[in-house]
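As a plain string of letters, each chain reads:
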Amino acid sequence: MNSEFFEAIAQLEKEKGIPQQYMLEKINQALMTAYRRDNPNAGDNVVIEMTEKGVHMYVAKDVVEEVEDPNLQISRDDAKKINGRLKIGDVAKIDVRTKEFGRIAAQTAKQVIIQGIREAERGMVFEQYNSRQQEILTATVLRVENSGSITVSMGPDKTEAVLAVSEQAAGEVFVEGEMMKVYVLEVRRNNRGPQVMVSRTHPGLVRRLFELEVPEIEDGTVEIKSVAREAGSRTKIAVWAADENVDPVGACVGPRGGRVGAVVDELRGEKIDIVKYSPEITEFVAAALSPAKAITVTALPEGKSCRVIVPDDQLSLAIGKEGQNARLAARLTGCKVDIKPLSQAGELEAIEVEDEYIDEE
């Protein structure tokens, strides 16, 4: 093993990013394993020295008058055959010729090195994607499994990831070779290497898509306060700007609706409502019920809840199909929302006044 050996290790670091020191440790382990394969009774006196000139492997044995343990000791006469100046008490270095390793021992060493490279690659993949959790990446569909899950590849190294059925938005259909944006959920370790789990349903996907499309969000001028999503159907996001001269909703919509349109296209037509955040819960709830217009919003004393009065002809719009609009508004604001039509407002006030009168008595 000469300088070409070290050049090969350096090239491995350059191409695959595997540190040279790591590979030298694995090669050391491989040589030790191979030697012990051919010499099962070997002691701990096998030494491997690695320098720029090459790799030197030898067995260090004490020079003695009478040998008791041939694995650790060598007679003076045999030692002088190696080096005529050796005397009792010295240590003889007996070269190990790696070329003379048996076929099985050599194959074992090879497997140790290959396994070391695989472990290093898996470790790098884990660290690379573990550090990118909660980010979005562009992925290409590799396979649509019979179970419904989708295997995708990401990055220049074509790392595979799994888009589980539960993480796919309703109505989305993908074919092999198609590209999509995915949200990195987590990276799991298993026997076959790291498994990257991605999502198309997580609210974080919408948040990250707006960060890509809206420069004001990227630079911090506009902030996304909260996101409520029913993937494949509708999403509501609340945005806010510290600068009163900045319109956070307009910034997210973009010129001619181009910015929000790009997000909608990526989400395959999912409807998106962008509302202005307010620290005043009544104002926030009123905005969150968009496109319905609230007449009044009253904070109720029992917990974090509000009563909303809307025109009778907008009651169904405020509630939404199967309650979706009201449900998303409640998630977005973190407030329980009780929606009533204007025709019932007087009746509700009368009941509340009566309740207050009874309490006073």
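Provided above is the structure to which this section pertains.
Residues numbered from 1 in each chain as written. Predicted model: local features only at pLDDT ≥ 70, side-chain atom pairs only at ≥ 80, totals over all residues. Heavy atoms only, no water.

Caption draft 1: Spatial organisation of the overall build of the protein. Helix and strand counts for the protein stand at 12 helices and 15 strands. Rg of the C-alpha trace for the protein: 35 Å, well past the compact-globule value of 21 Å for 361 residues, more than 25% over. Taking contacts inside the protein between residues at least 6 apart in sequence as the whole, the part at least 24 apart equals 58%. Carbon and sulfur atoms form 47% of the exposed surface of the protein, whose accessible area is close to 21000 Å². (Helix = DSSP H or I, 4+ residues; strand = E, 2+ residues; numbered from the N terminus. Rg over C-alpha atoms; globule rule 2.2 N^0.38 Å. Contact = heavy atoms within 4.5 Å. Areas by Shrake-Rupley, 256 points an atom, 1.4 Å probe, with all protein chains shown as cover.)

Caption draft 2: Local environment of the pattern of salt bridges. Under the definition given, this model contains 21 salt bridges. Among the salt bridges present, the one from R143 reaches E160, with a minimum N-O distance of 3.5 Å. With R143 in strand β5 (residues 136-144) and E160 in strand β7 (residues 159-163), the pair connects residues that are 17 residues apart, well separated along the chain. Relative accessible area serves as the criterion here: at 35%, R143 is assigned to the partly exposed category. (Salt bridge = Lys/Arg side-chain N within 4 Å of Asp/Glu carboxyl O. Buried < 20%, exposed > 50% of the residue type's maximum accessible area, 1.4 Å probe, protein only.)

Caption draft 3: Up close: the layout of surface pockets. Looking at the largest pocket, its volume works out to about 670 Å³. As for the largest pocket, its lining consists of 20 residues, and the residues nearest its centre are T159, E160, R192, G193 and P194. Sorting the residues of the lining of the largest pocket by element identifies α4 (103-130) and β7 as the ones contributing at least two each. Its residues assigned to classes, the lining of the largest pocket comprises five nonpolar, six polar and nine charged. (1 Å grid on protein atoms, 1.4 Å probe; cavity = no way out; pocket = protein on both sides within 12 Å on 5 of 7 lines; lining within 4 Å. Points joined across faces, edges and corners; volume = space filled by probe spheres on them. Nonpolar A, V, L, I, M, F, W, Y, C, P; charged D, E, K, R; others polar.)

Caption draft 4: Representation of the sheet that holds strand β11 (residues 234-241) in the model. The strand order across the open sheet formed by three strands is β10-β11-β12, and the pairing between neighbours is mixed. Every other strand in the sheet has two partners, leaving β10 (222-230) and β12 (271-276) as the edge strands with one partner each. The average undirected angle you get between the axes of adjacent strands in this sheet is 20 degrees. Contacts from helix α5 (residues 203-213) reach β10, β11 and β12 within the one sheet, and its direction differs from that of β10 by about 145 degrees. Contacts from helix α9 (residues 281-288) reach β10, β11 and β12, with the element oriented near 155 degrees to β12. (Pairing = 2+ DSSP bridges. Axes fitted to C-alpha atoms, helices over the stretch in contact; angles between N-to-C directions.)

Caption draft 5: Just the sheet that holds strand β13 (residues 296-300), in detail. Spatially, β13-β14-β15 is the arrangement adopted by the three strands of the open sheet, whose pairing is mixed. The sheet is open, and its two edges are formed by β13 and β15 (336-341), each paired on a single side. Across the sheet, the axes of successive neighbouring strands diverge by a mean angle of 20 degrees, strand direction being ignored. In this fold α9 packs onto β13, β14 (305-310) and β15, with an angle of close to 130 degrees to the strand it touches most, β13.

Caption draft 6: Examining the packing of aromatic side chains more closely. Overall, the coordinates contain one aromatic pair when judged by the stated rule. Ring centres 4.9 Å apart and planes at 75 degrees place the aromatic pair Y277 and F284 in the edge-to-face group. (Phe/Tyr/Trp six-rings, centres within 6.5 Å; stacked < 30°, edge-to-face > 60°.)

Caption draft 7: Spatial organisation of the state of the cysteines. Under the counting rule described, the total for this entry stands at zero disulfides. The structure places no disulfide on C335, whose sulfur is separated from the nearest cysteine sulfur, that of C306, by 3.7 Å. (Disulfide = S-S within 2.5 Å.)

Caption draft 8: Representation of the environment of G334 in the model. By secondary structure assignment, the location of G334 is in the loop between α11 (324-333) and β15. Its relative accessible area of 47% is what places G334 among the partly exposed residues. Placed 160 residues apart in sequence, G334 and F174 show a C-alpha to C-alpha distance of 34 Å.

Caption draft 9: Examining the nonpolar core more closely. Membership of the largest hydrophobic core comes to 21 residues, with the highest contact counts inside it found for F210 and I274. Those elements that place two or more of their residues in this core are α5, β10, β11, α7 (248-253), α8 (258-266) and β12. Here this core gets four residues from one element, more than from any other, and that element is α5. Apart from residues lying up to four places away in sequence, I274 is in contact with F210, I237, V239, V249, C252, V253 and V260. Core analysis: the next-biggest nonpolar cluster, separate from the first, contains 20 residues, A238, V297, A326 and I339 among them. (Core = buried A, V, L, I, M, F, W, Y, C linked by side-chain atoms within 4.5 Å.)

Caption draft 10: Representation of the environment of T138 within the structure. Locating T138 in the fold gives a position in strand β5. T138 sits in the partly exposed class, given a relative accessible area of 36%. When the C-alpha positions of T138 and G155 are compared, they lie 7.7 Å apart, and in sequence the two are 17 residues distant. Beyond its immediate stretch of four places on either side in the chain, T138 contacts S153, M154, M179, M180 and K181.

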